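Structure assessment
Each chain, letter by letter, is given below.
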Amino acid sequence: MGEILVEVATDVAFAHGVPAQLGISGDALNVAAAAAAAGARVGLLSVLTDDDLGKAIAARIVELGVSPDLLAFRTGQQGVYLVHCDPDGQREFSYARSGSVGSSLGPDDVDPAVFSAAGAVVAGGIACAISESSRAAVMKAAALAKRFVFDPNFRPRLTSVEDATAALLQLAPRTFLATPSFPGETSALLGCGTAAEAAAKLRSLGAVNVAVTCGADGIQLEGKGQDSTWIKSIPAPAVVDQTGAGDAFVGTLTARMVLGDTLPVAARYGAAAASLVVGGKGGTGFIPTLEQTRAHAGASGLSPEGVQPSHA
């Protein structure tokens, strides 16, 4: 659940007349697309404009293997972001989303029957930050879900440290899986200096499982009934655009856990998917199939089961 954005991407600095590529992205869609590719049956709760643009976005959602049944259509302005990617895939964003139709998402859009029956519900800090009604929708969904997955996805341009921390602390006791990033989110929101410390703190707050992503280094895992575990990162075959890599990790990890994989195995698949996604342009420019993800995980030198005890 969350906001879908129109994406305008360039390979050069923003300027009048530069070539750009249109796309459809946003953390919620990126997560949903990755989860569907990983083998899950996925629906996406979001609000689109009730015009031809909204219809085109809905068509793209269906192309990505995600059900449109939970989409709502209302009069308003679709959120947009512009992104410039340098040759190393590093990004600079500019957003036009204030008062967007996506931010009108509210508790009444959360169907109790659907959200209590789902294998997992995924939401993020961005959905909590774009409006009070959207934050209330996330809180309602977390209370209903049998497995609630929360990615803090802290964006200083959208919300304050205090508000983002409050949302994380309120949701942690209801969370089946939390996926903060180190060092940015773990330091700002949890005051933790190491990934292992952050994982342990979230577990103490009530989160059942935690996967702390540490960029190119790897992933720190803490889960119910298992030892602290470190997952090595998987090198990317090509880096074109890093947009959506973290979302691909969250979507793949969630899908594989719902489908029965253990936390370490699912995280390994998530790492493999994330390292493939950066080879495409845009948040949904390349979504690897489960077969591609499995092959990439195996080609990295370790099977998905090849994890090791943490020393972080």
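The present account deals with the structure reproduced in this document.

Quick notes on empty space enclosed by the protein
Here the structure, examined in full by the defined rule, presents one cavity of 30 Å³ or more. Here the largest cavity defines a volume of roughly 50 Å³. Surrounding the largest cavity, Ala34, Ala37, Ala38, Ala248, Thr252, Ala273, Val277, Ile287, Pro288, Thr289, Leu290 and Thr293 form its lining. For the lining of the largest cavity, a count of residues per class yields nine nonpolar, three polar and no charged.

Comments concerning the side chain of Asn153
The topology assignment puts Asn153 in the loop between strand E8 (148-151) and helix H6 (161-171). The class for Asn153 is buried, based on a relative accessible area of 7%. A distance of 2.9 Å separates polar atoms of two side chains, one belonging to Asn153 and the other to Arg155. Those residues in contact with Asn153 that lie beyond four places of it in its chain are Asp27, Gly125, Ile126, Glu185 and Asp247.

Details of the layout of surface pockets
Volume-wise, the second largest pocket comes out at about 750 Å³. Lining the second largest pocket are 32 residues, and of these Arg41, Val42, Gly43, Ala118 and Ala120 lie nearest its centre. Class assignment for the residues of the lining of the second largest pocket results in 21 nonpolar, six polar and five charged.

Points about unusual backbone geometry
Note the cis peptide between Phe182 and Pro183, where omega equals 10°. Here Pro183 is to be found in the loop between strand E9 (177-178) and helix H7 (184-190).

Here we look at the pattern of salt bridges
Applying the stated criterion across every chain, the model contains four salt bridges. Among the salt bridges present, the one from Glu3 reaches Arg97, with a minimum N-O distance of 2.8 Å. Residue Glu3 is located in the segment before strand E1 (5-10), and its partner Arg97 is located in the loop between strand E6 (91-96) and helix H3 (112-117); the two are separated by 94 residues in the primary sequence. Relative accessible area serves as the criterion here: at 11%, Arg97 is assigned to the buried category. For Glu63, the salt bridge identified is with Arg60, shortest N-O distance 3.2 Å. In this pair, Glu63 and Arg60 are both assigned in helix H2 (residues 52-63), three residues apart and thus about one turn of the helix distant. Among the residues examined, Glu63 registers a relative accessible area of 60% and is labelled exposed.

Concerning the packing of helix H10 (residues 263-277) against helix H11 (residues 290-299)
With their axes 8 Å apart at the nearest point, H10 and H11 run at an angle of 100° to one another. Put simply, H10 runs roughly perpendicular to H11. Taking contact as the criterion, the partners of Arg268, Tyr269, Ala272, Ala273, Ser275 and Leu276 in H10 are, on H11, Gln292, Thr293, Arg294, His296 and Ala297. The class makeup of the residues in the contact of H10 with H11 is five nonpolar, four polar and two charged.

Section: the nonpolar core
Formed by 39 residues in total, the largest nonpolar core has its most connected members in Met1, Val138, Phe148, Leu171 and Leu202. Of all elements in the fold, only strand E7 (121-124), helix H4 (125-129), helix H5 (132-144), E8, H6, H7, helix H8 (195-204) and strand E10 (209-213) reach the threshold of two or more residues within this core. At five residues, H5 tops the list of elements feeding residues into this core. Counting residues in each nonpolar core, the second largest holds 23 residues, with Val8, Ala32, Val42 and Leu64 among its members.

Definitions and limits used
Residues numbered from 1 in each chain as written. Predicted model: local features only at pLDDT ≥ 70, side-chain atom pairs only at ≥ 80, totals over all residues. Heavy atoms only, no water. 1 Å grid on protein atoms, 1.4 Å probe; cavity = no way out; pocket = protein on both sides within 12 Å on 5 of 7 lines; lining within 4 Å. Points joined across faces, edges and corners; volume = space filled by probe spheres on them. Nonpolar A, V, L, I, M, F, W, Y, C, P; charged D, E, K, R; others polar. Helix = DSSP H or I, 4+ residues; strand = E, 2+ residues; numbered from the N terminus. Buried < 20%, exposed > 50% of the residue type's maximum accessible area, 1.4 Å probe, protein only. Polar contact = N/O pair within 3.5 Å; in protein donor to acceptor, adjacent residues only side chain to side chain. Contact = heavy atoms within 4.5 Å. Salt bridge = Lys/Arg side-chain N within 4 Å of Asp/Glu carboxyl O. Axes fitted to C-alpha atoms, helices over the stretch in contact; angles between N-to-C directions. Parallel < 35°, antiparallel > 145°, perpendicular 65-115°, else oblique. Core = buried A, V, L, I, M, F, W, Y, C linked by side-chain atoms within 4.5 Å.

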